[in-house]
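# Coordinate inspection notes
Here is how the chains run, residue by residue.
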Protein chains: 2
Amino acid sequence: MALLFRSDIDSPAWWGDELRALVPDLDFRVWPDTGAVAEIDTALVWRPEPGLLAGLPGLKAIFSLGAGVDHIFADPDLPVGVPVTRVVDADMTGRMTEYVLFHVLRRHLRHDEYRDQQARGEWRELAHPAAAERRVGVMGLGVLGGAAARALADLGFDVAGYSRRARDMPGIDRFHGADGLEPFLNRTEILVCLLPLTAATAGILDERLFDALPDGAWLINVARGNHLVEDDLLAALASGRLAGATLDVFADEPLPASHPFWPHPAITITPHIAAISDPRSIAKQVAENITRLRDGRALINVVDPGAGY
Amino acid sequence: MALLFRSDIDSPAWWGDELRALVPDLDFRVWPDTGAVAEIDTALVWRPEPGLLAGLPGLKAIFSLGAGVDHIFADPDLPVGVPVTRVVDADMTGRMTEYVLFHVLRRHLRHDEYRDQQARGEWRELAHPAAAERRVGVMGLGVLGGAAARALADLGFDVAGYSRRARDMPGIDRFHGADGLEPFLNRTEILVCLLPLTAATAGILDERLFDALPDGAWLINVARGNHLVEDDLLAALASGRLAGATLDVFADEPLPASHPFWPHPAITITPHIAAISDPRSIAKQVAENITRLRDGRALINVVDPGAGY
């Protein structure tokens, strides 16, 4: 039995060493050197080519190298019934929380305005409300969104959460379903997108959504680039509906050099670093699932294929 | 009985209205229109002239308009035995915590470097450790320092606290006294100063202290400008001992236009806004103490004159 590794951005040498240290008898193969495909029962992948997984007849589990699995479900030929797992990592969750807190505080405390004042040698106090009077909204209340919402509420912000299904979180105003979206947006001054990318959420950050926010709102997208309709963001910034946006994810990564986001004064760009995974932690989860598969036990961090996350 | 108001930066009209709304029969007088000084039993002050308070023979309490009282104890003729109170304000504590968290995260997440990369159109991931591997040190563990240290620890940072006297705080490494300072500094990558300003702490942020920090450390001073020896900071930045500093307080405020801190690329300046007091909250505390004094009850938020805070 063998594991097939396929990623454009992760080092096969590192992964081979790390997994063999945890599962000494592992037959680790790097695509396209598959060997006999019938021997492959697990695949560890990031953005596999459509059809690649369908070509592995003995496949029993697909492991995503990241928290997202949209790159796997994008394959129209994805084998049906093979469990897909994703990374759930406390370190990654902590990093995402830090990123979200930082960029909410940056807007809340008017940091960029103070920076500009310093450049002009200007000493002037700028008013900002107490955190309790700042309304932050988090879309998506899974592991990452839930942790970010919790940390914002603990700091004293007036936090609301939006998700597809009703969920209870103490101290956080909850909105859900199609009817809940508009009232959630109407009250949200700083919007954090941490939704999974599915057919239902692709393009959700569009003109209609921006129009439901109060004037001068701020967007923080740390989910997926395809949640955002890029032209609608530029229009919302031009009209003043949005005052600014912090984007860590893009439809096309790395963001092309000619992209209008790069020089935009109201857009902050980071290169998909909000929640960097610690590969050692991911390797442990993958090794755990290889062992569970061999022992006939249930896998951890399995995705619901109906929901797509 | 009358209250004498003296401040260069607070509005006497606002304070008169606000306090009379809470204590309707209050005789509110604004310096230098003292009327008969023998009738004055309370003073509400920010940076009173030396000798001003000594000229009030019937004085029974001195109320500081801020969290600090160094501006009162700086008066060599301060009447002995008259209680001095300071502002303790949950809103102010929350704002200070937000400011400290923000500037620690800004350094931790390498935000300024990402901003510079965006200006160059550069897409490049910069490594940073997990919060658990980032050593933050908070000097001064009173109401403000204690809250900031707690919030940093809750986010997962490796937090140490330094104070004059031993204090126990769960999850925070404690150092105290003269012997504790050097080991505290040796392990601190991001140093937050929230000490009270006293004879013992004036000028504490000097060459000797910077030399005990690891190379590339970062200073955040949100206490008082006189904690810092300004030339020593410039030298520590020039040598690389310090990588940068965030300063909210200065020996001379507003910071003079010609000051070398303004254009320094490694110094971030904010105009003493880390913990803006909500004047309505302070007015309630002052009114409470006026009522307590009339009723012969113990005052709240009284300072220990021996410690100076």
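The text that follows walks through the structure, step by step, so that each part is easy to find. For every chain, the first residue of its written sequence is number 1, and the numbers climb from 1 along that sequence. Labels are handed out in written order, letters beginning with A for the chains and numbers beginning with 1 for the ligands. Local features in a predicted model are, by the rule used here, given only for residues with pLDDT of at least 70; side-chain atom pairs are given and counted only at 80 or more, and totals for whole chains, interfaces and linings are based on all residues. Hydrogens are left out, water is left out, and the side-chain values use all remaining heavy atoms of the structure.

The next thing to look at is the interface of chain B and chain A. The criterion used for residue contact is that any of the two residues' heavy atoms lie within 4.5 Å. On the side of chain A, 41 residues touch chain B, which itself brings 41 residues to the contact. Taken over both partners, the interface formed by chain B and chain A buries close to 3,600 Å², and the fraction arising from carbon and sulfur atoms is 69%. Here, a salt bridge means any Lys or Arg side-chain nitrogen found within 4 Å of an Asp or Glu carboxyl oxygen. Linking chain B to chain A there are zero salt bridges. Contacts described as polar in this section are N or O atom pairs within 3.5 Å, which, within protein, must combine one atom able to donate a hydrogen with one able to accept it, while residues neighboring in sequence count only if both atoms come from side chains. At the boundary of chain B and chain A, one finds 10 residue pairs in polar contact (both at pLDDT 80 or more). Residue composition of the side of chain B that touches chain A, grouped by class: 21 nonpolar, 11 polar and nine charged. Accessible-area loss on putting two parts together, using a 1.4 Å probe and summing over both, is the definition of buried area adopted here. Each residue is assigned to one of three groups, with Ala, Val, Leu, Ile, Met, Phe, Trp, Tyr, Cys and Pro labelled nonpolar, Asp, Glu, Lys and Arg labelled charged, and all others, Gly among them, labelled polar.

Turning next to the environment of Val37(B). Residue and element names in this part refer to chain B. The helix and strand labels rest on DSSP assignments: H or I over at least four residues marks a helix, E over at least two residues marks a strand, and numbering proceeds from the N terminus. Relative to the helices and strands, Val37 resides in the loop between strand 2 (27–30) and strand 3 (40–45). Looking at Val37, the relative accessible area reads 31%, which means it is partly exposed. For the pair Val37 and Val23, spaced 14 residues apart in the sequence, the C-alpha separation amounts to 20 Å. Setting aside chain neighbours within four positions, we find Val37 in contact with Gly55, Leu56 and Pro57. Burial classes: relative accessible area under 20% of the type maximum marks a residue as buried, over 50% as exposed, and values in between as partly exposed (1.4 Å probe, protein chains only).

Screw-axis analysis of chain B against chain A gives a translation of 0.0 Å along the axis, an RMSD of 0.1 Å, and a rotation angle of 180°. Classification of the inter-copy transformation places it as that of a two-fold axis. Of the C-alpha atoms belonging to chain B, the one lying closest to the rotation axis is found on Phe102(B), 2.9 Å away. Same-surface contact between copies: 100% of interface residues of chain B are shared with the interface of chain A. To line up the copies, we fit them by least squares on C-alpha atoms, keeping just the residues with pLDDT of at least 70 in both.

Summed over the entire model, instances satisfying the criterion amount to 40 salt bridges over all chains. Residues Asp116(A) and Arg115(A) are paired through a salt bridge, measuring 3.5 Å at the closest nitrogen-oxygen approach. The partly exposed category is assigned to Asp116(A), whose relative accessible area is 35%. Between Asp25(B) and Arg294(B) there is a salt bridge whose closest N-O contact spans 2.9 Å. In this pair, Asp25(B) is assigned in the loop between helix 1 (12–22) and strand 2 and Arg294(B) in helix 9 (residues 279–295), connecting sequence segments 269 residues apart.

Any functional reading would require information beyond the geometric quantities listed.
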